[in-house]
Amino acid sequence: MGTRLQHLRWFRSPGAVSVAAVVVFCIVTTSTLVASQGIEAIPPKIYAKLPSSNVPLLCRSNKPATSCSVRIPGYSSTYDVHALPNGIEYYGDSLQRGECGILFSSLRSTNLGKFQCNMTIGGEVFEQSIVIEAALSPEPTDLSIGEDTIVEQGAFAPNQTLRVTCSSRNANPASNLTWLLDDDPIDPSYLGPVETSENVDSKGRNLVSVSQQLNYYITLKDHGRKIVCRAEHFAIQKGFFRGFLPLNFRFIPEPSPTINIGETFINVTIKAHPRPATSWTINDMTIAEGQSLGAYQAYYPKDLGFGNYLVLLRINDDQGNRTDTITMTASNELGTRDYVIRAQEIEPTAPGRGNRVFFLISLWTYVCSVIVT
């Protein structure tokens with residue numbers, strides 16, 4: 001790629017999908033009509049997952065043939081298509097319709113090589129061939145990030161362009177790469193071209209590797225999501241391997257919570273990472289998370305995922321002795337933020353009830369300390 005890469009913590013695992021049918025061979029569908037002979041090979045080249053069942057090979061002409069013989073990889077003789085060895089059947093419509101082919105009931109490694117058909121048309125013999133190669137599953141998908149990526153204590157710094165390279169190595173034929181953000185396809189405009197390289201292994205097999213770079217601008221809105229690269233290949237039992245990169249950030253509790261106030265509770269949902277410690281201040285009385293004091297009970301923050309935490313204060317006050325200001329404080333190693341809730345009390349309209357109800361009038365937040373890391 002010309003760019004040095006460094007590895008970050010990443011995960012890779014075979015993908016899990018359900019398929020209605022297992023595809024066991026791949027056809028290369030380039031144009032193959034030979035004008036001088038008028039014979040078409042279908043397919044001209046085949047990649048077979050070994051062993052494969054019911055694999056067809058066909059030579060076809062636009063003119064009737066009077067006879068056809070074939071040379072089959074793994075067999076030493078030339079066979080008339082009406083006298084084929086066991087395990088191989090004639091395939092095609094008929095010689096009169098210009099079709100001459102075979103069907104392997106079970107194609108194995110001994111059948112790799114070049115299949116050849118010889119068709120007699122108008123007194124002349126024409127030949128065509130089909131190359132049979134073994135399909136090879138790629139290595140597990142690899143993800144790496146560019147060395148210019150800013151990483152702080154194992155987490156990404158927000159507001160930067162993240163450069164991620166996905167590689168699928170040593171397959172035959174090449175894998176197809178698909179990028180996702182969680183389960184959503186990534187806009188192709190963020191992707192560079194697919195780069196391909198080839199080599200031959202110690203057994204003489206052709207191996208193809210592919211790689212592609214993603215350039216994606218990350219913000220705090222991406223916290224908790226993951227970049228996924230899926231290398232799809234029909235020789236993989238479940239269809240693909242995948243590598244994924246979690247997008248995690250470290251940030252002080254954010255200033256815009258969600259507030260929900262009821263008769264006996266106040267819920268505040270805040271966003272922070274790592275997990276914040278919380279407390280409530282009421283009439284100069286501070287109640288830490290997990291504690292009860294007087295009519296008030298403070299719960300531990302509940303992790304809602306993606307850096308969201310639900311913080312609950314329960315109010316067990318039947319006398320209606322309430323304040324009009326409550327402060328919730330959230331702190332993590334990056335800093336502390338206060339959420340000040342202004343409320344008022346009104347008499348309930350239902351008869352026979354003496355307790356009062358909080359209604360949110362205003363909310364403001366401020367940072368009371370920041371730890372620079």
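Nothing here was measured: the structure is a model prediction, and the numbers come from that model. (Residues numbered from 1 in each chain as written. Predicted model: local features only at pLDDT ≥ 70, side-chain atom pairs only at ≥ 80, totals over all residues. Heavy atoms only, no water.)

1. Notes on the sheet that holds strand S6 (residues 52-61)
Here's step 1: Here four strands make up an open sheet; going across it, the order is S4-S6-S10-S9 and the pairing antiparallel. The two strands at the open ends of the sheet, each matched to only one other strand, are strand S4 (39-42) and strand S9 (88-91). Each neighbouring strand pair of the sheet contributes to a mean axis angle of 20 degrees, computed without reference to strand direction.
Here's step 2: As paired strands, S4 and S6 are joined by four bridges and run antiparallel to one another. If you follow Ala41 over to S6, its bridge partner there is Cys59. (Pairing = 2+ DSSP bridges. Helix = DSSP H or I, 4+ residues; strand = E, 2+ residues; numbered from the N terminus. Axes fitted to C-alpha atoms, helices over the stretch in contact; angles between N-to-C directions.)

2. So, the pattern of salt bridges
Here's step 1: A complete count under the given rule lists 10 salt bridges for this structure.
Here's step 2: Put simply, Asp184 and Arg225 hold a salt bridge, and the shortest N to O gap is 3.6 Å. Taken together, the residues Asp184 in strand S18 (residues 184-185) and Arg225 in the loop between strand S20 (206-218) and strand S21 (226-232) connect sequence positions 41 residues apart.
Here's step 3: Among the residues examined, Asp184 registers a relative accessible area of 43% and is labelled partly exposed. (Salt bridge = Lys/Arg side-chain N within 4 Å of Asp/Glu carboxyl O. Buried < 20%, exposed > 50% of the residue type's maximum accessible area, 1.4 Å probe, protein only.)

3. Details of the pairing of strand S24 (residues 265-271)
Here's step 1: With respect to burial, S24 is a largely interior element, five of its seven residues being buried.
Here's step 2: As paired elements, strand S23 (residues 258-261) and S24 share four bridges and run antiparallel to each other. Paired with Ile259 across the bridge in S24 is Val268.
Here's step 3: Here S23 folds back onto S24 in antiparallel fashion, the turn holding three residues.
Here's step 4: Examined bridge by bridge, S24 and strand S30 (residues 308-315) share seven bridges and lie antiparallel to one another. Counted as the bridge partner of Ile266 is Leu313 from S30.

4. Comments concerning the environment of Ile102
Here's step 1: Of note, Ile102 is situated in strand S10 (residues 99-107).
Here's step 2: According to the relative accessible area criterion, Ile102 is buried, its value standing at 0%.
Here's step 3: Between the alpha carbons of Ile102 and Val81 there is a distance of 7.4 Å; along the sequence they are 21 residues apart.
Here's step 4: Excluding its chain neighbours within four sequence positions, the residues that come into contact with Ile102 are Val55, Pro56, Leu57, Val70, Ile72, Leu84, Ile88, Glu89, Tyr90, Tyr91 and Phe115. (Contact = heavy atoms within 4.5 Å.)

5. Details of the layout of surface pockets
Here's step 1: Quantified by volume, the second largest pocket comes out at close to 150 Å³.
Here's step 2: When its residues are assigned to classes, the lining of the second largest pocket shows five nonpolar, three polar and two charged. (1 Å grid on protein atoms, 1.4 Å probe; cavity = no way out; pocket = protein on both sides within 12 Å on 5 of 7 lines; lining within 4 Å. Points joined across faces, edges and corners; volume = space filled by probe spheres on them. Nonpolar A, V, L, I, M, F, W, Y, C, P; charged D, E, K, R; others polar.)

6. Topic: the state of the cysteines
Put plainly, two cysteines are in a disulfide when a covalent bond ties their sulfur atoms together.
Here's step 1: Here the structure, examined in full by the defined rule, presents three disulfides.
Here's step 2: Here Cys59 pairs with Cys117 through a disulfide, and the sulfurs are 1.9 Å apart. Since a negative S-S torsion denotes a left-handed disulfide, the Cys59-Cys117 link at about -100 degrees is left-handed. Remark: Cys117 occurs in strand S11 (residues 113-121) and Cys59 occurs in strand S6; sequence separation between them is 58 residues. For the pair Cys59 and Cys117, a shared accessibility class is recorded, and that class is buried.
Here's step 3: In this model, Cys166 is linked to Cys229 through a disulfide, with the two sulfur atoms separated by 2.0 Å. Across the S-S bond of Cys166 and Cys229 the torsion is about -80 degrees, and the bridge reads as left-handed. (Disulfide = S-S within 2.5 Å.)

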